[in-house]
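Reading the structure
Next come the chains, spelled out residue by residue.
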Amino acid sequence: MKLTDLEIALRQGKTRTYSKGELIQTTDDETQLVLMVKSGFVKRYLITADGLQSIQSVYGAGSVFPLTVVMKEIFDQDLYRGPETFYYEAMSSVELYGLEAATLSSDLEHDPLIYRDLLKVAGERLTSNIQRLENLALRSSYQRLAHQLLFYATTFGEFSDVGIRIIAPLTHQDLAYVLSVARETVSREISKLRQEQIITTDSTQYITVNDVKRLKQLAYS
């Protein structure tokens, strides 16, 4: 597959590897890198007042983050002005390309097509944020979980003979942090979805959506 101009620019940066659970970057770091996932998965979260994580985003192969750094460097626009610190942590073994935002800004002067690629990244992030707003409007934890799994199946799914396997390594606790509910609630609703044969889980806890149509009906019922 042909690389985009943005991917070519970011691949100039140093390749960085991280182990599962290792912190990659925070919004408080003095040097802010623009990063692209080569392989693995990364989560973006903040720490709530009661000391729990609130996962805002999950990034897989090809994802570019943080967009806040790009917008600040290139357009002098603050996407977030609050006091919270956001953390980027490896959810699995991760390999990233990293480039200083100032270097990417300089590359734009020679290759304006990078703007096109950044617009696509912004569109993907907007889609993710709209999904989160939709999810918050749903009334039951069962429906919210179905809605979230449908999004992950669409974003991180691999087709197989039995359905769509979500390849992101999402634990019940991760899903609880995404939905801001108790882990026990997620485990209970996962069990219901299994009983209805809408999903299955394997020994490594990866989730396969066996009936996408029914999951979508539940998510939007």
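Use the structure listed above.
In what follows, the accompanying structure is described. Since the structure is predicted, the reported quantities are computational estimates derived from the model, not experimental observations.

Describing the sheet that holds strand 11 (residues 199-201)
Within the open sheet, the 4 strands sit side by side as 9-10-12-11. Their pairing is antiparallel. The sheet is open, and its two borders are formed by strand 9 (157-160) and strand 11, each paired with just one other strand. Averaged over all adjacent pairs, the angle separating strand axes in this sheet is 30 degrees, with direction ignored. Note that strand 11 and strand 12 (residues 207-209) share 3 bridges and pair antiparallel. Bridge pairing in strand 12 links Thr201 to Ile207. Against the sheet, helix 5 (residues 141-156) engages strand 9, strand 10 (163-166) and strand 12, with an angle of about 90 degrees to strand 10. Seen against the sheet, helix 7 (residues 183-195) touches strand 11 and strand 12 and runs at an angle of roughly 115 degrees to strand 11.

Some details on the pattern of salt bridges
Under the definition given, this model contains 13 salt bridges. Between Lys43 and Asp174 there is a salt bridge whose closest N-O contact spans 3.5 Å. On the criterion of sequence distance, the pair formed by Lys43 in strand 4 (residues 42-47) and Asp174 in helix 6 (residues 172-179) is long-range, its members being 131 residues apart. The closest approach of N and O atoms between Arg165 and Asp202, which form a salt bridge, is 3.3 Å. Of this pair, Arg165 sits in strand 10 while Asp202 sits in the loop between strand 11 and strand 12, and the two are 37 residues apart along the sequence.

Reading the values: the criteria
- Residues numbered from 1 in each chain as written.
- Predicted model: local features only at pLDDT ≥ 70, side-chain atom pairs only at ≥ 80, totals over all residues.
- Heavy atoms only, no water.
- Pairing = 2+ DSSP bridges.
- Helix = DSSP H or I, 4+ residues; strand = E, 2+ residues; numbered from the N terminus.
- Axes fitted to C-alpha atoms, helices over the stretch in contact; angles between N-to-C directions.
- Contact = heavy atoms within 4.5 Å.
- Salt bridge = Lys/Arg side-chain N within 4 Å of Asp/Glu carboxyl O.

Distances and angles like these do not, on their own, reveal function.
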